[in-house]
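Each chain, written out:
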Amino acid sequence: TNGVELSKTYALGALKKTGKSRFMVFMALKFLEQNAGVMINTLEMTSVQLNILALAYYSTINSKLIGRKMEWSDYDLLVTNLGRLSDLKWRIYREQTVPKLKARIMFERRNRPINVVFVDYIQRIRSVEKHKSRAHEVEDISNSLANLSREIDCAMIPLSQLSGEAEKLEKVMPNMKHFKESQAIAEA
């Protein structure tokens, strides 16, 4: 977990369809290579899709080609690297609220350490409390994830889509104010 502190929350935001989940898998694999305990809570992709991304990383084959248009040499690469998937010690879940995510982490920690939790993606998580607006709900979720990170001493990395306003920028890089539905994601 070089460069990532436990008990901290690191928001990762990008425009839609830019590869946030792919980048998350790359980061998760790097953490696993350092023997960190990794958990992914995804309401965006299935565990099969995430494992295909991992296989694509290990075999250097474009994930969109796996199972479709592949050369015979690509099949050899897949077979050679397929065993690496069974060696992955990440856990992938689909919890829809922060309390359920906390319960899952606490349960899993009885068997193995969890140092890093990815939440893909924060806008699909639901709050257990009623809110005036979705922006307030996302703010509550963001704060709950940050509090959970401190409470269980684990790095929390929620993924977030940036707002449509960020897509219109031409010469300026998007920044924290462009998080979709709530700037509070960046502030937590």
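Residues numbered from 1 in each chain as written. Predicted model: local features only at pLDDT ≥ 70, side-chain atom pairs only at ≥ 80, totals over all residues. Heavy atoms only, no water.

Here's the deal with the overall build of the protein chain
Then, number 1: The secondary structure content of the protein chain amounts to 7 helices and 5 strands.
Then, number 2: Residues counted as buried form 45% of the 188 residues belonging to the protein chain.
Then, number 3: Within the protein chain, residue pairs in contact and separated by at least 24 positions form 71% of the contacts whose partners lie at least 6 positions apart.
Then, number 4: A total of about 10800 Å² of accessible surface is found on the protein chain, and carbon and sulfur atoms cover 50% of it. (Helix = DSSP H or I, 4+ residues; strand = E, 2+ residues; numbered from the N terminus. Buried < 20%, exposed > 50% of the residue type's maximum accessible area, 1.4 Å probe, protein only. Contact = heavy atoms within 4.5 Å. Areas by Shrake-Rupley, 256 points an atom, 1.4 Å probe, with all protein chains shown as cover.)

Here we look at the packing of helix 4 (residues 98-108) against helix 5 (residues 134-152)
Then, number 1: Running from N to C, helix 4 and helix 5 point in directions that differ by 20°, and their axes come no closer than 10 Å. It follows from the interaxial angle that helix 4 and helix 5 lie roughly parallel. In this structure, helix 4 crosses over helix 5, and the sense of that crossing is right-handed. The residues of helix 5 that touch helix 4, namely those facing Val98, Leu101, Lys102, Ile105 and Met106, are Ile141, Ser144, Leu145, Leu148, Glu151 and Ile152.
Then, number 2: When its residues are assigned to classes, the contact of helix 4 with helix 5 shows 8 nonpolar, 1 polar and 2 charged. (Axes fitted to C-alpha atoms, helices over the stretch in contact; angles between N-to-C directions. Parallel < 35°, antiparallel > 145°, perpendicular 65-115°, else oblique. Left-handed = near helix turned anticlockwise from the far one by under 90°. Nonpolar A, V, L, I, M, F, W, Y, C, P; charged D, E, K, R; others polar.)

With respect to helix 3 (residues 72-87)
Quick reminder: α-helices carry 3.6 residues per turn. Residues three or four places apart thus point the same way.
Then, number 1: By the largest-angle criterion, Asn81 marks the main kink of helix 3, which is about 30°.
Then, number 2: All of the buried residues in helix 3 are Asp74, Leu78, Asn81 and Leu85.
Then, number 3: The secondary structure elements touched by the buried residues of helix 3 are helix 2 (47-59). (Bend = angle between axes of the 7 residues up to and from the residue.)

Quick notes on the layout of surface pockets
Then, number 1: A volume near 630 Å³ is recorded for the largest pocket.
Then, number 2: Contributing to the lining of the largest pocket are 21 residues, with Lys17, Gly19, Ser21, Glu44 and Met45 lying nearest its centre.
Then, number 3: Breaking the lining of the largest pocket down by element, the ones donating at least two residues are helix 1 (20-33) and helix 2.
Then, number 4: For the lining of the largest pocket, a count of residues per class yields 6 nonpolar, 6 polar and 9 charged. (1 Å grid on protein atoms, 1.4 Å probe; cavity = no way out; pocket = protein on both sides within 12 Å on 5 of 7 lines; lining within 4 Å. Points joined across faces, edges and corners; volume = space filled by probe spheres on them.)

Overview of the side chain of Asn81
Then, number 1: Checked against the element boundaries, Asn81 lands in helix 3.
Then, number 2: Within the structure, the side chain of Asn81 is placed 2.8 Å from the backbone oxygen of Leu77, a separation counted as a polar contact.
Then, number 3: When near neighbours in sequence (up to four residues on either side) are disregarded, Asn81 contacts Leu55, Tyr58 and Ser59. (Polar contact = N/O pair within 3.5 Å; in protein donor to acceptor, adjacent residues only side chain to side chain.)

A few points about helix 1
Then, number 1: With 14 residues, helix 1 ought to run about 20 Å at 1.5 Å a step, and its terminal C-alpha atoms sit 20 Å apart, in line with that.
Then, number 2: Residues Lys20, Ser21, Met24, Val25, Met27, Ala28, Leu29, Phe31 and Leu32 constitute the buried set of helix 1.
Then, number 3: Residues of helix 1 that are buried sit in contact with strand 1 (12-14), strand 2 (38-42), helix 2, strand 4 (116-120) and strand 5 (155-161).
Then, number 4: After helix 1 finishes, the residue Asn35 shows a positive phi value of roughly 65°. (Expected span 1.5 Å × (residues − 1).)

Concerning the pattern of salt bridges
Then, number 1: Here the structure, examined in full by the defined rule, presents 6 salt bridges.
Then, number 2: Among the salt bridges present, the one from Glu33 reaches Lys30, with a minimum N-O distance of 3.5 Å. Separated by 3 residues within a single helix, Glu33 and Lys30 lie in helix 1, roughly one turn from each other. (Salt bridge = Lys/Arg side-chain N within 4 Å of Asp/Glu carboxyl O.)

Notes on the nonpolar core
Then, number 1: In terms of nonpolar packing, the biggest core is built from 32 residues, with Phe31, Trp90 and Phe118 touching the most fellow members.
Then, number 2: If you list the elements that add at least two residues to this core, you get helix 1, strand 2, helix 2, helix 3, strand 4 and strand 5.
Then, number 3: The dominant element in this core, judged by the number of residues it contributes, is helix 1, at 7 residues.
Then, number 4: By size, the runner-up hydrophobic cluster in this structure holds 17 residues, among which are Leu43, Ile105, Leu145 and Leu148. (Core = buried A, V, L, I, M, F, W, Y, C linked by side-chain atoms within 4.5 Å.)

Overview of the side chain of Ser127
Then, number 1: Along the chain, the position of Ser127 falls in the loop between strand 4 and helix 5.
Then, number 2: In terms of polar contacts, Ser127 uses its side chain to reach the backbone amide nitrogen of Glu129, at 3.2 Å.
Then, number 3: When sequence neighbours within four positions are dropped, the list of residues in contact with Ser127 reads Glu137, Asp140 and Ile141.

Fair warning: the whole summary comes from geometry, so function is off the table for now.
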